[in-house]
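These are the residues of each chain, in order.
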Amino acid sequence: MQIGVNSTVPAQNLLVFQTKRASFKCRKSPLNSLSTESTRKHLSNLEKLLQKTNQTDSDRVNKPLTNGSISIKRKGLIEGLKLWDIKPEMKAAEEMSPSHLNRLQRLLSKTMEYSPRNNLGSRWREYHGCNDWSGLLDPLDENLRREVVRYGEFVQAAYHGFHSNPAMPVDEAPLPRHVALPDRSYKVTKSLYATSSVGLPKWVDDMAPNLGWMTQRSSWIGFVAVCDDRREIQRMGRRDIVIALRGTATCLEWTENFRAQLVPIPGSDDSNQRVECGFLSLHETRGAHVPSLAESVVQEVQRLIEMYKGETLSITITGHSLGAALSLLVADEISSCAPHVPPVAVFSFGGPRVGNKSFVQRLNQKNVKVLRIVNNQDLITRVPGVFIGDNNSWAYTHVGTELKVDTKMSPYLKPDADVACCHDLEAYLHLVDGFLSSNCPFRSNAKRSLVKLVNEQRSNVKQLYTHKALSLNLDRDRLNVPIPADDSTLAPLLVGGLAGAITAPALDFWGFTVAWLTLEAAIQLD
């Protein structure tokens, strides 16, 4: 029988009926979303279950059905159908949820988002390490996390300042260098240079004239900056002086890293206080047109202390890899450079061991506070090792308080990330930004952008996120480090640096080989 719409439906209800009629379409069965094999399996289960039910029904005709038997029968029907298998398994369902994808899109956006800067006020000494950061590390205090990440970004500025212009003039003193600071409330007051005590033969430069900066003895290694913004000074509770040092970037710096014998500290009253020979060389050696790193730092710190006499000051030294090692030597140097030196703290990322137990005691006596940020998978933090001998003056040991992070805790990085990734500075800052405590997963409200991490560690980022980054059409080139035109062929090797933020694993072995051969065969000692 047909129903005439005009004859059976009142005019005022015609629109309602047409709307409902449009919903009377056949909806697709959930079984249709499964594969043919899966559908046959469930239909077979249903057929077997019905056959079994028919066989037992004749035995139960004369028996009254109780509520218990009905519930058991229903339970058997559900178990027999295995309806929980009908819904197909969704891999990474949580990671692909709309809320997660929206958050991922924010983290991969071009607009950087930072954790809020709270007022440190009267607690600034605590965050600067007066109590060795007791009670602030596990779980990690929100304010301390932001401060650690901020100091790490100063080191990144030191890397970029070097790679943007790695060459040094041969016959004259270098010109002032522009540094793009991540924090506009600071201004750079001094460029710092490190000089190797070893050199390469002239034939090396003759064979590779475009790579002269790789063999130069003096190189720009960092800067001194001071907070110059009244509002930021008020927020931090003091005027902060920052000394930022990059990691290894030249062949001769690599060579110094391999000079791992312990030597006495010059001018020390205790001959048992020893540090690594190569680190001390880069710290103490003067260049042809630049003073030593030690001289430059002491002169600038003394000048700033005198300039801001009467104000509350702090000195924060931060570095990564080689820069982390030199940070300890710099802290030792400036902690006694004036009658009333402000509190000195070191924030080091991926730093190697620098000296022996007596050197650690020396820093403790000078009240130098050290916070070492260490990735559990970073091999650089485990070298140099312990040398043969019963005397502790020949055994390396770490300095200060440790904040340990772990690559495997990040939901974005592969758990088997390579050595370069585990030592990379951006990976360190990513892990610190997501760290809650040693027994908690990566924090869900992490603020740090993933753009630079994807750009520098693409092969170590999980494919889910690299594919998502491509789908968002990220302009990753905007974060690449500028490379001089003459050295453009080395661009993949230069972005980041190795024993100080090198992102290309190839430079690991290349730098190691060159440095080792140089040390063995072609070094000319002064």
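An account of the accompanying structure is given in this report. Fair warning: this is a prediction, and the values are worked out from it, not measured in the lab. (Residues numbered from 1 in each chain as written. Predicted model: local features only at pLDDT ≥ 70, side-chain atom pairs only at ≥ 80, totals over all residues. Heavy atoms only, no water.)

1. Some details on the packing of helix α14 (residues 322–334) against helix α15 (residues 357–365)
Basically, it comes down to this: The axes are straight lines fitted to the C-alpha atoms, using for helices just the contacting stretch, and the angles between their N-to-C directions are given from 0 to 180°. Under the scheme used here, helices are H or I runs from DSSP no shorter than 4 residues and strands are E runs no shorter than 2 residues, and both carry numbers assigned from the N terminus. An angle below 35 degrees is treated as roughly parallel, one above 145 as roughly antiparallel, one from 65 to 115 as roughly perpendicular, and anything else as oblique. A clockwise turn of the near helix away from the far one marks a right-handed crossing, whereas an anticlockwise turn of less than a right angle marks a left-handed crossing. Residue contacts follow a heavy-atom distance rule, with two residues in contact if any of their heavy atoms lie within 4.5 Å.
Relative orientation of the contacting elements α14 and α15 amounts to 50°, with a least axis distance of 10 Å. Relative to α15, the element α14 is oriented oblique. With respect to the hand of their crossing, α14 and α15 are arranged in left-handed fashion. The segment α14 lies against α15, with L328, L329 and D332 engaging F359, R362 and L363.

2. Some remarks on the state of the cysteines
The criterion, for reference: Any cysteine sulfur atom paired with another within 2.5 Å is treated as part of a disulfide. Each residue's exposure class comes from its accessible area (1.4 Å probe, protein chains only) as a fraction of the maximum for that residue type: buried when under 20%, exposed when over 50%, partly exposed otherwise.
Scanning all chains against the criterion turns up zero disulfides. This cysteine, C422, is not joined by any disulfide, and C421 carries the nearest cysteine sulfur, 5.5 Å off. For C422, a relative accessible area of 4% gives the class buried.

3. A short note on the packing of aromatic side chains
How two aromatic rings sit relative to each other is set out by the distance from centre to centre and by the angle between their planes. Our working rule: Note on aromatic pairs: the rings of Phe, Tyr and Trp (six-membered ring only in Trp) are paired at centre separations within 6.5 Å, and the planes decide the class, stacked below 30 degrees, edge-to-face beyond 60, tilted for the rest. Two thresholds decide whether a charge sits over a ring: the Lys NZ or Arg CZ must be within 6 Å of the ring centre and within 35 degrees of the ring normal.
Taken as a whole and judged by the stated rule, the model has eight aromatic pairs. Aromatic pair W254 and F258: ring centres 5.5 Å apart, planes at 25°, arrangement stacked. You can call F258 partly exposed: its relative accessible area is 23%. Chaining the aromatic ring pairs together yields one cluster made of W133, Y151, F154, Y186 and F347. For R246, the ring lying beneath its charged end belongs to F162, and the centroid distance is 4.1 Å.

4. Notes on the environment of L280
Position of L280 relative to the elements: it lies in helix α12 (residues 277–284). Ignoring sequence-local partners within four residues, the contact set of L280 consists of V263, P264, P266, V275 and L329.

5. Here we look at the side chain of N143
Definition in use: Side-chain atoms alone can form a polar contact between residues adjacent in sequence; in general such a contact is a pair of N or O atoms within 3.5 Å, and within protein one must be able to donate a hydrogen while the other accepts it.
Relative to the helices and strands, N143 is located in helix α7 (residues 142–163). Looking at N143, the relative accessible area reads 15%, which means it is buried. One polar contact links N143 to Y127, side chain to side chain, over a distance of 3.1 Å. Non-local contacts of N143, meaning those with residues more than four positions away in its chain, are made with N118, L120 and Y127.

6. Regarding the pattern of salt bridges
Once the charged atoms of two side chains with opposite charge are near each other, the side chains can pair. Our working rule: Each reported salt bridge corresponds to a side-chain nitrogen of Lys or Arg within 4 Å of a carboxyl oxygen of Asp or Glu.
The tally for this structure, following the rule as stated, stands at 23 salt bridges. The residue E142 makes a salt bridge to R145 at a minimum N-O spacing of 2.9 Å. Remark: R145 and E142 occur in helix α7; sequence separation between them is three residues, near one turn of the helix. Overall, the relative accessible area of 42% leaves E142 in the partly exposed class. Between K309 and E306 there is a salt bridge, and its shortest N-O distance comes to 3.1 Å. A cluster of three or more residues bridged by salt bridges with shared partners is formed by E147, R150, D183, E232 and R235.

7. Description of the nonpolar core
Rules: Definition of nonpolar core: a set of buried residues of the types Ala, Val, Leu, Ile, Met, Phe, Trp, Tyr and Cys, connected through side-chain atoms within 4.5 Å.
If you look at the biggest cluster of nonpolar residues, it comprises 65 residues, and the most contacted ones within it are L144 and F223. In terms of residue count, α7 provides more of this core than any other element does, 10 residues in total. Setting aside chain neighbours within four positions, we find F223 in contact with F154, A157, A158, V179, L181, V188, K190, S191, L192, V242, I243 and A244. Core analysis: the second largest hydrophobic core is formed by 43 residues, I221, V275, F279 and V368 among them.

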